[in-house]
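Residues per chain are reported as follows:
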Amino acid sequence: MNAPLTGALTRRGLLAGAGGLLVSFSLLPHAFAQSAAPAQPHLPGSLETSRSLDAWIRIDPNGHITIFTGKAELGQGVRTALLQVAAEELDVPPGELEIITADTARTPNEGYTAGSQSAQYSGTALRHAAAQVRQLLIGEAARRLELDPGVLKTEGKAVRAPDGRSLGYGELVSDQFLRVEAKPVSILKKPDSYRYIGHSLPRVDIPGKVTGGEVYVHDMRLEGMLHARVVRPAIPRARLLSVDSSSVEAMPGVVAVIRDGDFLAVVAQGEFQAVTAMHALAGLARWERRYALPDQAALPAYLQKNESTVGTVSASGDPDKAAGKVFEATYTRPYQLHGSIGPSCGVAVLKDGQLTVWSHTQGVYPDRAAIAEMLGMPPNKVRVIHREGAGCYGHNGADDAAADAALIASKLPGRPIRLLWMRDQEHAGEPFGAPMLMKIRATLGDDGRIAGWNYDLWSNDHNTRPGGARSLLAAQAKENPFPPPVPKLAITPNGNGDRNANPLYDLPNKRVLWHYVEDMPLRISALRGLGAYANVVAIESSIDELALMANADPVEFRLRHLSDPRARDVVELAAKRFGWSNEKLPPHRGRGFAFAKYKNLAAYLAIAAEVEIERETGRVRLVRAVSAIDTGEAINPDGIINQTEGGILQATSWTLYEAVTFDENEVTSTDWSSYPILRFSSVPDKVEVHVINRPGLPFLGTAEAAQGPTGAALANAVRHATGRRIYDLPLSRQRVKQAIGI
Amino acid sequence: MTIELTINGKSHKVEADAATPLLYVLRNDLALNGAKFGCGLGQCGACTVLVDGKATLSCITPISLAEGRQVTTVEGLGTAEAPGPVQAAFIELQAAQCGYCIPGMMMSAQGLLQSNPAPTETEIRNALQTNLCRCGTHMRILAAIRRASELMQASLGPVANKRAG
Ligand code: FES
Ligand code: FES
């Protein structure tokens, strides 16, 4: 399926160019906004901030080509996708390119690898850089061969002339050849001549991962490396009253016990020695809480009571004047975990005043700034290099573990330190996904359309990434501590707690408000989708209830309110492939549908789900799910399918099982039995992902699109199967039993 | 104390406390990356290896218990250049996202397929019940194991195939 070309024309001006597609980014709307400052033209993607071509692509005299990205592989397959993009425009097979990812000493600063934006920013930058490099090579070859550039072709890392002469890419470059600023406009390949973009190339990282390759930061073994463990109770920001560590210092293999304020760690020769010493040290340390945690059962009331300010996310017309039948509901979401399968890990060494840190952070540059600030070092004396960790799904403990390792390494100069969190430390110490409260009041007009829409959400900021040292647990604990950040309300296009709070549906009269909660008893930070997950669950649950009130089919009711043609396409495709109908299902089965356009500016995703309820136990099982996704131009369709399947299964786990538990002192969900997640016995029979490719349209990003719609489709399917709506996440056995009166 | 271990068919002498979990010895003393630390509690399966052909959680298995037995890690199944059937199937079906759980999954699968070359869907799911994946790669993991079963039977020849029929 292809997009109508008009979509492309309105999105970014397309001009037919010689031998390719000439894409003029100077026609982007925000370029106009910047026209007041004429100094620099707007450049595509992350070229805007790293403007020199050689920041992205290096060609050695021997023809070896290296591409650089500030983005990191998080298991989402970004290495492969970026290789494909660069390979396409350089006319070189991806296997012949080397790729260097996030490293403060080598790659551009692209901030965080987050928000499903790698393809959009890094992919776009690399694509244009590669296309411009190829044009420069052709131009140089034309000059040397005294031929018209138009007759030259590129193949096999060489520029070839019709008369058989050729010049290798390596021969054509000289010292400063690529040290030129990128141009706003590139001659890009036409979709019909793609060799790599749009093809499902196998991921380059998988063979190493299935054969025991050295892949993860956890696998690093530096010469003379020591193993470290922190001692950190499940009490947030606990104060360390006392610890007598002399007996631990005498334990076999122990090199040092490190105490700095409330920061406590042990370093040993062997890893198991470090673990054993950590347990002993934990038994000797006395901690005190700084404050009591709120009552978990009353968390929604707590959020409402602690509202500090209100932001208007969207407003139009007058929702209060709308006439018709009124629907009201209140939804909640608990704290939830990133729950990486591998606990956070960092490796650090301080040598000759230079600190090097290896981390699975999502942002090497911000992490470097935060660590430098914590240690009072100039940032140029700190280098942060990305190494993969287990999947993170947002801001988990990665930066904290890096800081822990850095703080320990700063006290043992010359010794490489490998610091790994234990499972309970990960479960209790990572920054959680934020709890939310959502209230809706909607009016259904006599014409069967939604006449009024009031939506109020209560939530913290969902992002406490290292803007500085104060985001790091180690910096908060050490002597002369950095106080934790207190983020302020900001309404932005990407959204945060309010992400996707504004429905894409045509709602002439609406008011969407974010009741902002500053107080943060348990630390939270970005979890896949931020507020989008719970907002979409609340919105799409309500849309289903309104459809019921209107006596309408839920899919048809959605289409009634959707005028965006790409939105309609995914809804219709998912419904069709699922075999959506009103036919009766066997007892205890239900079907549900949901849709969202991620952030209202990225991928479109619709999903239909069928569930089965075990009445006696209240257990819900997703039987099958069928989704359709439009993520713009698809670089690697199988990569999109893989990530979307993953999003569907992860969101199924969030929705059916997951809630962080705590009492007034500490977090009590500290392992996989107190925080259960999806197991194979509950995995669906079938999950389908259909990709609508839009060649020539901008990359939209994939990773987070499925979270909200999946949760909502499940909630709607449970409603269909039981006749009862459950308003609180997760849709646990207990809640299902309550709903059906068992 | 010195303990003699047979890992992937090779014998190694290791100097360690008898209580040391096998996982730490594999990863640190023998520099094998395949088995992963996930929980250290026997709850997630990331550390799964085969001990005498049986899927075993190496994070809670002291090395003293592994002495004199055959230990197999994912490195023992093949290499990136010459992958074994389970590895080949996981590559073919692109059954990984972050990949951290995958070696554990493959070892559980290998253990199952060695004793039951043509398992049913339920038998596969049961064999993986301890293995957690947070990326949601489950559908592909299941498909890869079905594929590995086919590949193994093809290489085993008609006898094993009869069982499948
Ligand atoms: S690491 Fe052994 S079961 Fe989790
Ligand atoms: S692939 Fe990441 S945990 Fe399974």
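For the structure, check the block above.
Draft legend 1. Layout of the overall build of chain A. The secondary structure content of chain A amounts to 19 helices and 27 strands. By principal-axis analysis of the C-alpha atoms, chain A measures approximately 85 × 75 × 50 Å. The buried share of chain A, reckoned over its 742 residues, is 63%. At a minimum sequence separation of 6, the contacts of chain A that also span at least 24 residues come to 77%. Carbon and sulfur atoms make up 51% of the accessible area of chain A, which totals about 26200 Å².

Draft legend 2. A look at the pairing of strand E24 (residues 589-597) of chain A. Residue and element names in this part refer to chain A. Judged by how many residues are buried, E24 sits mostly within the fold: eight of nine residues are covered. As paired strands, E24 and strand E25 (residues 604-614) are joined by nine bridges and run antiparallel to one another. Bridging from a neighbouring strand, Gly590 pairs with Val611 of E25. Hairpin remark: E24 followed by E25, antiparallel, with six residues in the connecting loop; positive phi at Lys599, about 60°.

Draft legend 3. Spotlight on the sheet that holds strand E8 (residues 166-168) of chain A. All names here are of chain A. Taken in spatial order, the three strands make up an open sheet running E6-E7-E8, and their pairing is antiparallel. Two strands lie at the open edges of the sheet, namely strand E6 (153-155) and E8, each paired on one side alone. Averaged over all neighbouring strand pairs, the angle between strand axes comes to 25°, with direction disregarded.

Draft legend 4. Seen up close, the sheet that holds strand E2 (residues 10-15) of chain B. Residue and element names in this part refer to chain B. The strand order across the open sheet formed by five strands is E2-E1-E5-E3-E4, and the pairing between neighbours is mixed. In this open sheet, the two edge strands, each paired with only one partner strand, are E2 and strand E4 (54-57). Taken over all neighbouring pairs, the strand axes of this sheet differ in orientation by 40° on average, direction set aside. Sheet analysis places strand E1 (residues 2-7) next to E2, joined by six bridges and oriented antiparallel. Within E2, the position partnered with Thr6 by the bridge is Ser11.

Draft legend 5. Representation of the environment of Val626 of chain A within the structure. Residue and element names in this part refer to chain A. Locating Val626 in the fold gives a position in strand E26 (residues 619-630). Under the relative-accessibility criterion, Val626 is labelled buried at 1%. Measuring from C-alpha to C-alpha, the distance between Val626 and Phe578 comes to 5.6 Å, with 48 residues separating the pair along the chain. Those residues in contact with Val626 that sit more than four places away from it in its chain are Ala574, Arg577, Phe578, Ala606, Ile607, Ala608, Glu688 and His690.

Draft legend 6. Structural context of the packing of helix H4 (residues 102-115) of chain B against helix H6 (residues 138-156) of chain B. Residues and elements named next belong to chain B. In contact at an axis separation of 11 Å, H4 and H6 are set at 40° when each is read in the N-to-C sense. Judged by the angle between their axes, H4 and H6 are oblique. As H4 runs across H6, the sense of the crossing is right-handed. Contacts between H4 and H6 pair Ile102, Met105, Ala109, Gln110 and Leu113 from the former with Ile141, Ile145, Ala148, Ser149 and Met152 from the latter.

Draft legend 7. Main features of unusual backbone geometry. The step from Leu729 of chain A to Pro730 of chain A runs through a cis peptide bond, and the omega angle for that step is -5°. Checked against the element boundaries, Pro730 of chain A lands in the loop between helix H18 (707-722) and helix H19 (733-740). Positive phi, normally seen in glycine, also occurs at Asn8 of chain B, with a value near 50°. Of note, Asn8 of chain B is situated in the loop between E1 and E2. Note on Asn8 of chain B: relative accessible area 28%, which makes it partly exposed.

Draft legend 8. Representation of the pattern of salt bridges in the model. Residue and element names in this part refer to chain A. Counted by the stated rule, this structure contains 57 salt bridges over all chains. In this structure, Arg134 and Asp91 form a salt bridge, with 3.5 Å as the shortest nitrogen-oxygen distance. Within this pair, whereas Arg134 is found in helix H4 (residues 118-145), its partner Asp91 is found in the loop between helix H3 (78-90) and strand E5 (97-100), the two being separated by 43 residues in sequence. With its nearest N and O atoms 2.7 Å apart, the salt bridge here joins Arg383 to Asp103. On the criterion of sequence distance, the pair formed by Arg383 in strand E19 (residues 382-386) and Asp103 in the loop between E5 and H4 is long-range, its members being 280 residues apart. When its relative accessible area of 27% is taken as the criterion, Arg383 is described as partly exposed.

Draft legend 9. Just helix H10 (residues 364-375) of chain A, in detail. All names here are of chain A. Helix length check: H10 (12 residues) gives 16 Å between terminal C-alpha atoms against 16 Å at 1.5 Å per residue, within 8%. If you check which residues of H10 are buried, you get Val364, Tyr365, Pro366, Asp367, Arg368, Ala370, Ile371, Ala372 and Met374. Considering only its buried residues, H10 is in contact with strand E18 (354-359), E19, helix H11 (398-411) and helix H13 (473-477). Just downstream of H10 lies Gly376, where phi reads positive at about 65°.

Draft legend 10. Geometry of the interface of chain B and chain A. The interface is formed by 53 residues belonging to chain B together with 64 residues belonging to chain A. Approximately 4600 Å² of surface area, both sides summed, lies buried where chain B meets chain A, with 57% of it carried by carbon and sulfur atoms. Close ionic contact of Arg140 of chain B with Glu645 of chain A constitutes a salt bridge, the shortest N to O distance being 2.9 Å. Linking chain B to chain A there are 32 residue pairs in polar contact (both at pLDDT 80 or more). In terms of residue count, H6 of chain B provides more of the side of chain B that touches chain A than any other element does, five residues in total. The residue inventory of the side of chain B that touches chain A, partitioned by class, reads 29 nonpolar, 18 polar and six charged.

Draft legend 11. Representation of the side chain of Ser50 of chain A. Residues and elements named next belong to chain A. Within the secondary structure layout, Ser50 lies in the loop between helix H2 (29-33) and strand E3 (57-59). On the accessibility criterion, Ser50 (13% relative accessible area) is buried. Ignoring any residue separated from it by four or fewer positions in sequence, one finds Ser50 in contact with Ala55, Trp56, Pro108 and Asn109.

Draft legend 12. Summary view of the packing of aromatic side chains. Residues and elements named next belong to chain A. Enumeration according to the criterion identifies 11 aromatic pairs over all chains in this entry. When the centroid spacing of 5.4 Å and the interplanar angle of 55° are considered together, the rings of Tyr331 and Tyr727 count as tilted. Linking Tyr331 in strand E16 (residues 325-333) with Tyr727 in the loop between H18 and H19, this pair joins segments that are 396 residues apart in sequence. With a relative accessible area of 3%, Tyr331 lands in the buried category. Note on Tyr727: relative accessible area 30%, which makes it partly exposed. Ring geometry for Trp514 and Tyr516: centres 5.2 Å apart, planes at 70°, overall edge-to-face. Tyr516 matches Trp514 in its accessibility class, with the two residues each being buried.

Draft legend 13. Structural detail: the side chain of Ser149 of chain B. Residue and element names in this part refer to chain B. Take Ser149: it is sitting in helix H6. At 2.8 Å, the side chain of Ser149 and the backbone oxygen of Pro117 are in polar contact. Beyond its immediate stretch of four places on either side in the chain, Ser149 contacts Leu113, Pro117, Ala118 and Pro119.

Draft legend 14. Up close: the nonpolar core. Of all hydrophobic cores here, the largest spans 101 residues; its most connected members are Val611 of chain A together with Phe90 and Ile141 of chain B. Look past the residues within four positions of Phe90 of chain B in its chain and what remains in contact with it is Ile206 and Val210 of chain A together with Ala95, Ile102, Met105, Met106, Ile141, Ala144 and Ile145 of chain B. Of all hydrophobic cores here, the second largest spans 47 residues; its members include Ala238 and Leu281 of chain A together with Leu23 and Cys59 of chain B.

Draft legend 15. Quick look at the environment of Ala703 of chain A. All names here are of chain A. The topology assignment puts Ala703 in the loop between strand E27 (686-692) and H18. A residue is classified by how much of its surface remains accessible, and Ala703, at 22% relative accessible area, is partly exposed. C-alpha separation for the pair Ala703 and Ser459, spaced 244 residues apart in sequence, amounts to 23 Å. Residues in contact with Ala703, not counting those within four places in the same chain, are Ser116, Arg528 and Gln643.

Cut-offs applied
Residues numbered from 1 in each chain as written. Chains lettered and ligands numbered in written order. Predicted model: local features only at pLDDT ≥ 70, side-chain atom pairs only at ≥ 80, totals over all residues. Heavy atoms only, no water. Helix = DSSP H or I, 4+ residues; strand = E, 2+ residues; numbered from the N terminus. Buried < 20%, exposed > 50% of the residue type's maximum accessible area, 1.4 Å probe, protein only. Contact = heavy atoms within 4.5 Å. Areas by Shrake-Rupley, 256 points an atom, 1.4 Å probe, with all protein chains shown as cover. Pairing = 2+ DSSP bridges. Axes fitted to C-alpha atoms, helices over the stretch in contact; angles between N-to-C directions. Parallel < 35°, antiparallel > 145°, perpendicular 65-115°, else oblique. Left-handed = near helix turned anticlockwise from the far one by under 90°. Salt bridge = Lys/Arg side-chain N within 4 Å of Asp/Glu carboxyl O. Expected span 1.5 Å × (residues − 1). Buried area = accessible area lost by both parts, 1.4 Å probe. Polar contact = N/O pair within 3.5 Å; in protein donor to acceptor, adjacent residues only side chain to side chain. Nonpolar A, V, L, I, M, F, W, Y, C, P; charged D, E, K, R; others polar. Phe/Tyr/Trp six-rings, centres within 6.5 Å; stacked < 30°, edge-to-face > 60°. Core = buried A, V, L, I, M, F, W, Y, C linked by side-chain atoms within 4.5 Å.

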